[in-house]
Amino acid sequence: ICLDNDLVHWKYDKHCFTFAGRASGQNRGVNLRPDYDIGAVSETISIPIGHYLKLGDGETYSVTYLAFIQDEDSGDKQTGRSTLSNIKIYEDPARVPLKVQLYGATVNLPVSQFSMASANGHWQDTIEHLMEVSADGSTVEMDGNAWKYLEFPEVFNVTGPTVLKFTFTLTEEAEGHTICLLPPGDHRSNTLRKDCFNIAGKDVSASSREPYMTETEVDGELVYEYEVLVGQKFIGQVGGLGFSQDNDGIYTNGDKDIGTSSYSNIQIYNLPDVIVSLDGADLAVPNFQHSYESTNQDNRPFGKVPNLVDVSADGRTLTLNGNIWRYFPLAEPIDADSLGDFVVSFDYTPIEFGQHHAICFEDNERIGDHDDPSRNLLDPKRCMMLNDNEDVSNEIYIYGFQPQLKETHRYAISLGSVFNRFDEWKNLVVIQDNDDDKSVGKMTISNIRVVTDLKSCLKDKDFTFEFDAANDCTMDNFLAKVGDLMDLHSSDCAGQDDPLLEMLAFYGLKTEVDVSRKIEMICRNAFERDEYDFYKVLSSDSKHFVPEFLDGGTDWNYLLDLPDTAERILMADELVSNHRLAWPEEHHAFDNCEVGAGMCCWVDQREGYDDQAANADVCYVDMKASRHSAHVKNGYSIYQGDTQAYCKAWAWKPTGGTVSGAHRGNALFKTAFIDGLQGSGSVEQLPGAPLCGCMDRMPVVTAADCVKVTDAGGKVVVSHEPSQGKAYINAAYIEGSGITIDN
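Here is a short report on the structure shown in this document.

**Some details on the overall build of the protein chain**
And step 1. Within the protein chain, the secondary structure is distributed over 11 helices and 45 strands.
And step 2. In summary, the protein chain has a C-alpha radius of gyration of 40 Å against a globular reference of 27 Å for 743 residues, an excess of more than 25%.
And step 3. For the protein chain, the accessible surface area stands at approximately 36100 Å², while carbon and sulfur atoms represent 47% of it.
And step 4. Each charge sign in the protein chain was given a centre, from 60 positive and 118 negative side chains, and these centres are 4 Å apart.

Here you go:
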């Protein structure tokens, strides 16, 4: 049957459609080749003529004649009988367009299916094998050998961050299954660029297939989720969406009807930009990821699962999983003159340690190795070490604070004053190195800010703020007070909302660690102005007697009755209730007490006191940890549940300026001398351990009672009065006091 505009039949015309006969019908236009039985019930034949005429959206073809051919060249030419009835020409509303999400908008691709050729122009398509689009337009299904493409309504651009995402369902595998993003006006795959992506197929090697994200089996069919990083393959214009299900009949005895698959939920989008705050405005860094230093160092983004740096939807958080050395090129490099004495700040959280973690603000694509110009004229260090678990050379990295696992730390560093021979900021780099098992390691970096001209907005303002028992003088609380002041002076602090950077500028410091030390000094000084020496309040022999008692010695521990010299303890108690006792950090059991907890344990009791029942089983004593008390270099004692002790402990926040930290000496005095020695007659330590000490130097026991220090009446006042000639917040002081120590 033919729909034609003239009476000339040419075998290559797509106006005639052969649907039955003994011969192949190859010379009769389109060969539909269905398998009909002679004398069978009538078959309904539906022919998508617009497809075979390759009519695009809005294009038409004028028809003058309806023609019929029943060809018989043999014998008397009388053989053959057939009828055609109920002929109808119409537009099929059921042939819905394929819906594709293109950069956040839904576009409809008309199902006018065009034949796609291979790169060398060879026609592979079996034109009779049409693709079918689901009723909702989300899925296109392919049967048999087919090389087809659909045209996008408008040409669009693929850039570095572009991703092609889709669901692929494989029902019956053919020789090859491929999806393509074709150039405008070009029906060939992989011509001058890598724009076709192999998904599956008997002739497609595993190494040449795109990596899938997930694989599941649903009702006997394999379903794959793909995210193809097309921007890593090519950059350029796209006009068509191509699908190839190749079946040359190699495995099927020439049967090209074999092969069934579908593509659904097709999306084309850009990975979110990395957003860096540059002087208060958002700087969008394209999410176009490249290997930094070398491809040997980096887990390329083309592994089994693409190992990309995961950028959050708002662009402000970067998450790294496994070994990654990656750089993001800025859209336009920023020269050193524009950056000036620039300051960088960001939040960093190590979730799972790799061998080392770093961030770089680079002017090239290779890590700097020396700052010494005589050793390296071109590439000094540009990277900040965040965590080093393998002792990397500090000639390569700038070292600063290294947080604990799962601890979030905000960095601020004046890189402009640290970098030398620096011409431009070209790349943002993140490193999570792990060479042993490249899947290990996880970290986040967020809220990256760059300030090119950091100035204080509070330095010339008079202000006062204070801290009380419910609000310790710590760095976090201090910065919160500074933030309140910045809000109060919002007109002068317009565009500045980071108290950490304000303090960096206020004092002219280089790093956030310098700010932390400054604040801690201010807060600690407030308490130290009113402190007493721990040893001297208890004994005139300050260098020997009290230290020896804390190790478990002196007649205060050994004699059956408490000596008269111990009356000084009661006199000291009156002083301690209103004054701070210094922590005896010169004692070997109390120095470098970073654990933030101390304890006393007794194994005996003087007669005449209410019975102080043991509250703990002793597990072991590590004499190496308490070697100065044990007077041996090494050794340990293991207890098997047959030794008990009474233990009492206290804890504090290790940072200076907290009530618990400032009064930990008072807690020690209360525990060791008032409650222990005077109150219950408790004496004697476990062999090889001090009587009292930092928790890491004490015996390991099953339990301990607790002591808590409060100072309800005290408050720390911070004052800055440049109008009175007091130009810096260098000191604070305490008003009032009411120290209580409760069990």
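Continuing now.
**So, the environment of H489**
And step 1. Counting through the fold element by element, H489 comes out in the loop between α3 (475-488) and α4 (499-507).
And step 2. In this structure H489 touches L458 and K461, once residues within four positions along its chain are discounted.

**A short note on the pattern of salt bridges**
Two side chains carrying opposite charge are able to pair once their charged atoms lie near each other.
And step 1. Applying the stated rule across the entire model yields 26 salt bridges.
And step 2. When the shortest N-O distance is used, the salt bridge between D498 and R449 registers 3.9 Å. Taken together, the residues D498 in the loop between α3 and α4 and R449 in strand β30 (residues 442-451) connect sequence positions 49 residues apart.
And step 3. One salt bridge connects K648 with D675, and the closest N-O pair in it is separated by 3.1 Å. Of the two residues, K648 sits in strand β38 (residues 644-651) while D675 sits in helix α11 (residues 664-680), which places them 27 residues apart along the sequence.
And step 4. By relative accessible area, which is 6% here, K648 ends up buried.
And step 5. Residue class for D675 comes out buried when judged on its relative accessible area of 16%.
And step 6. Connected through shared salt-bridge partners, D347, R410, R449, D497 and D498 make up one network.

**Brief notes about the sheet that holds strand β27 (residues 397-399)**
And step 1. Strand order in this open sheet of 6 strands is β20-β23-β29-β25-β26-β27, and the pairing throughout is mixed. Each edge of the sheet is formed by a strand with only one pairing partner; in this case those strands are β20 (290-291) and β27.
And step 2. Pairing geometry for strand β26 (residues 383-388) and β27, over 3 bridges, is parallel. Across the sheet, C383 pairs through a bridge with Y397, a residue of β27.

**Observations concerning the packing of α4 against helix α5 (residues 512-528)**
And step 1. At their nearest, the axes of α4 and α5 sit 10 Å apart, and the two run at 80 degrees to each other. Compared by their axis directions, α4 and α5 come out roughly perpendicular. Here L500, M503, L504 and Y507 of α4 lie close against α5, whose contacting residues are E512, V515, K518 and I522.
And step 2. Split into classes, the residues belonging to the contact of α4 with α5 amount to 6 nonpolar, no polar and 2 charged.

**Here we look at α4**
Side chains that are three or four residues apart share a direction in an α-helix, a result of its 3.6 residues per turn.
And step 1. The element α4 is largely enclosed, with a buried count of 9 among its 9 residues.
And step 2. Buried residues of α4: P499, L500, L501, E502, M503, L504, A505, F506 and Y507, and no others.
And step 3. Of the residues that open α4, the one with a side-chain oxygen 2.9 Å from the backbone nitrogen of L500 is D498.
And step 4. The first or second residue beyond α4 is G508, which carries a positive phi of 65 degrees.

**Some words on the sheet that holds strand β12 (residues 176-182)**
And step 1. The sheet built from 5 strands is open, its strands ordered β7-β10-β16-β12-β13 with antiparallel pairing. Whereas interior strands pair on both sides, the edge strands pair on one side only; in this sheet they are β7 (114-115) and β13 (196-200).
And step 2. Direction of pairing for β12 relative to strand β16 (residues 236-246): antiparallel, over a ladder of 7 bridges. Within β16, the position partnered with L181 by the bridge is L241.

**So, α11**
And step 1. Taking 1.5 Å of rise per residue, 17 residues should cover 24 Å, yet α11 covers just 21 Å from first to last C-alpha, more than 12% shy of that figure.
And step 2. Extensive coverage of α11 is indicated by the burial of 15 of its 17 residues.
And step 3. Positive phi appears at G681, one or two residues downstream of α11, with a value of about 70 degrees.

**Remarks on a negative patch on the surface**
And step 1. A contiguous patch of negative charge on the surface is contributed by E132, E141, D143, E172, D255 and D257.
And step 2. Its location among the elements puts D257 in the loop between β16 and β17 (260-270).
And step 3. Residue classification places D257 among the partly exposed positions, given a relative accessible area of 47%.

**Considering the side chain of T169**
And step 1. Inspection of the secondary structure assignment puts T169 in strand β11 (residues 162-172).
And step 2. Discounting chain neighbours no more than four positions away, the residues touching T169 are E221, L222, V223, S261 and S262.

**Notes on the packing of α3 against α5**
And step 1. The contact between α3 and α5 brings their axes to 10 Å, and the two run at 95 degrees. As far as their axial angle goes, α5 and α3 are roughly perpendicular. Residues M475, F478 and L479 of α3 touch α5, and the partners they reach there are E512, V515, S516, I519, I522 and C523.
And step 2. For the contact of α3 with α5, the residue count by class is 7 nonpolar, 1 polar and 1 charged.

**Some thoughts on a nonpolar patch on the surface**
And step 1. On the surface, L66, F68, L84 and I87 cluster together into a nonpolar patch covering about 360 Å² of accessible area.
And step 2. Structurally, L84 is set in the loop between β4 (65-67) and β5 (98-102).

Rules of the game
- Each residue is numbered by its place in its chain's sequence as written, counting from 1.
- Since the coordinates come from a predicted model, pLDDT governs what is reported: local features require at least 70, and pairs of side-chain atoms require 80 or more to be given and counted, while whole-chain, interface and lining totals use all residues.
- Here the side-chain values reflect all heavy atoms present in the structure, with hydrogen atoms and water set aside.
- Helix and strand definitions here come from DSSP, where helices need a minimum of 4 consecutive H or I residues and strands a minimum of 2 consecutive E residues; each element is numbered from the N-terminal end.
- Put simply, the radius of gyration uses C-alpha atoms, and a globule should come to 2.2 Å times the residue count raised to 0.38.
- Only the protein chains shown count as cover for residues, and the accessible areas themselves come from Shrake-Rupley with a 1.4 Å probe.
- A positive count includes Lys and Arg, and a negative count includes Asp and Glu. His and the chain ends are not counted in either.
- The location of each charge is read from NZ of Lys, CZ of Arg, CG of Asp or CD of Glu.
- Here, two residues are considered to be in contact whenever any of their heavy atoms come within 4.5 Å of each other.
- Salt bridges are defined as contacts in which a side-chain nitrogen from Lys or Arg sits within 4 Å of a carboxyl oxygen from Asp or Glu.
- A simple rule labels every residue: compare its accessible area, found with a 1.4 Å probe on the protein chains alone, to the largest value its type can have, and call it buried under 20%, exposed over 50%, or partly exposed in between.
- Here a strand pair is declared whenever DSSP counts at least two bridges between the two strands.
- Helix axes are fitted only over the stretch in contact, all axes being lines through C-alpha atoms; the angle between N-to-C directions runs from 0 to 180 degrees.
- For classification purposes, an angle smaller than 35 degrees is called roughly parallel, one larger than 145 roughly antiparallel, one from 65 to 115 roughly perpendicular, and anything else oblique.
- Each residue receives one of three labels: charged for Asp, Glu, Lys and Arg, nonpolar for Ala, Val, Leu, Ile, Met, Phe, Trp, Tyr, Cys and Pro, and polar for the others, Gly being one of them.
- For this analysis, a polar contact is any N or O atom pair within 3.5 Å, provided that within protein one partner can donate a hydrogen and the other can accept it, and provided that sequence-adjacent residues contribute only side-chain to side-chain pairs.
- Expected span, for any helix, means 1.5 Å times one less than how many residues it has.
- Put simply, a patch holds well-exposed residues, over 30% relative accessible area, that have no salt bridge, with like charges counted together within 9 Å and Val, Leu, Ile, Met, Phe, Trp or Tyr side chains within 5 Å.

All quantities given are derived from atomic positions and should not be read as evidence of function.
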